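Observations on the model geometry
Residue-level listing of the chains:
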Amino acid sequence: MILKKQTPQSEAHSPKSETTIYGLRPVIEAIDGDTRIDKVLIQNGLSGPLAGELKGRIRDNNIPFQFVPIEKLNRLAKGNHQGVVALISPIEYKQALDLIPQLMEGEKAPLVLMLDHVTDVRNFGAIVRTAECTGVDAVVIPDHGSAQVGDDAVKTSSGALLRMPICREQNLKTVLNLAKQCGMQIVTATEKGATDYLEVDFKKPTLLIMGAEETGISPELLKLADARAKLPILGQVQSLNVSVAAAVFMYEVLRQRR
């Protein structure tokens, strides 16, 4: 259980003590205390020496942050939030640059799933749930522009997020280059692909990339792909929900490897 750092009642109080910390000084102290912060929400236009100190801590520790209207902060914190709310992660993130070489040293061909800017919490949770069921070794997400790894995501994943290694990385290209150097093939799931997903040899060590429904996979990641695989679409709707598409790919990997 993640406990909220105790702070004076006048400074901050959280109705969801396991998931939020608010107040300028309490959030700074949480960062200094290595609390697992998923994201910091900062009021638009917040200024002052303490706010500047907080922003410096956020930059130095590569913590995702977002500027938001005060109304959003008021909904999250009923007390004096002082213009800042930190969302606490229920998991401890892994480092892909350490994990991938370790996986390649194992007896089984690893399967790593990368989610490129999948922001919907329900989709994210459903994907991780399927990943855990199909034996995926790790899930990689960007540190900005990804679904919040909070209570809702854990619930949607049926607890799979608490068991699946999650790597939150600042640079996805760096992860892909390392994976290629280690001998993994990079497969992207895209409706613009030239290869039917059934034609991909998933018995090889694989890093599979799924993109956001609206934008797909980023062009700079597509360039690094060894295979661009597509699912057959026979109807008038041109794409599947990303969690459904991811499930099809992951179960094809499982089918081939069994």
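Remember, predicted model here, so these are calculated numbers, not experimental data.

This paragraph deals with the nonpolar core. Judged by nonpolar contacts, the single largest core of 37 residues is most densely connected at Leu-113, Leu-115, Phe-124, Met-210 and Phe-249. Counting residues per element, this core draws most heavily on helix 9 (residues 242-257), which supplies 6 residues. Once you skip the residues sitting within four places of it in the chain, Phe-124 turns out to touch Leu-115, Val-118, Ile-141, Ala-147, Val-149, Ala-153 and Leu-161. By size, the runner-up hydrophobic cluster in this structure holds 22 residues, among which are Met-114, Leu-176, Leu-207 and Leu-221.

Next up on the list: the pattern of salt bridges. Using the criterion set out here, one finds 10 salt bridges in the structure. Of the charged contacts in the structure, one is a salt bridge between Arg-25 and Glu-53, with a shortest N-O distance of 3.5 Å. One end of the pair, Arg-25, is in helix 1 (residues 24-32); the other, Glu-53, is in helix 2 (residues 49-60), and 28 residues separate them in sequence. Taking the relative accessible area as the measure of exposure, Glu-53 reaches 28% and is therefore partly exposed. Between Asp-226 and Lys-180 there is a salt bridge, and its shortest N-O distance comes to 3.0 Å. Highlighted residues: Asp-226 in the loop between helix 8 (219-222) and strand 11 (227-230) and Lys-180 in helix 7 (residues 172-182), separated in sequence by 46 residues. Judged by relative accessible area, Asp-226 falls into the partly exposed class, the value being 47%.

So, about the packing of helix 1 against helix 2. Running from amino to carboxyl end, helix 1 crosses helix 2 at an angle of 25°, the nearest separation of the two axes being 10 Å. The pairing of helix 1 with helix 2 is recorded here as roughly parallel in orientation. Between helix 1 and helix 2 lies a crossing whose hand is left-handed. In this structure, helix 1 uses Leu-24, Arg-25, Val-27, Ile-28, Ile-31 and Asp-32 to contact helix 2, whose residues at the interface are Leu-50, Ala-51, Glu-53, Leu-54, Arg-57 and Ile-58. Classifying every residue of the contact of helix 1 with helix 2 gives 8 nonpolar, no polar and 4 charged.

What follows is about the packing of helix 4 (residues 96-104) against helix 7. Their axes nearest at 10 Å, the elements helix 4 and helix 7 cross at an angle of 20°. Regarding the angle of helix 4 to helix 7, the classification is roughly parallel. Both helix 4 and helix 7 take part in a crossing whose hand is right-handed. Where helix 4 abuts helix 7, its residues Ala-96, Leu-97, Ile-100, Pro-101 and Met-104 lie against Thr-174, Val-175, Leu-178, Ala-179 and Cys-182. Its residues assigned to classes, the contact of helix 4 with helix 7 comprises 9 nonpolar, 1 polar and no charged.

About the thresholds
- Residues numbered from 1 in each chain as written.
- Predicted model: local features only at pLDDT ≥ 70, side-chain atom pairs only at ≥ 80, totals over all residues.
- Heavy atoms only, no water.
- Core = buried A, V, L, I, M, F, W, Y, C linked by side-chain atoms within 4.5 Å.
- Buried < 20%, exposed > 50% of the residue type's maximum accessible area, 1.4 Å probe, protein only.
- Helix = DSSP H or I, 4+ residues; strand = E, 2+ residues; numbered from the N terminus.
- Contact = heavy atoms within 4.5 Å.
- Salt bridge = Lys/Arg side-chain N within 4 Å of Asp/Glu carboxyl O.
- Axes fitted to C-alpha atoms, helices over the stretch in contact; angles between N-to-C directions.
- Parallel < 35°, antiparallel > 145°, perpendicular 65-115°, else oblique.
- Left-handed = near helix turned anticlockwise from the far one by under 90°.
- Nonpolar A, V, L, I, M, F, W, Y, C, P; charged D, E, K, R; others polar.

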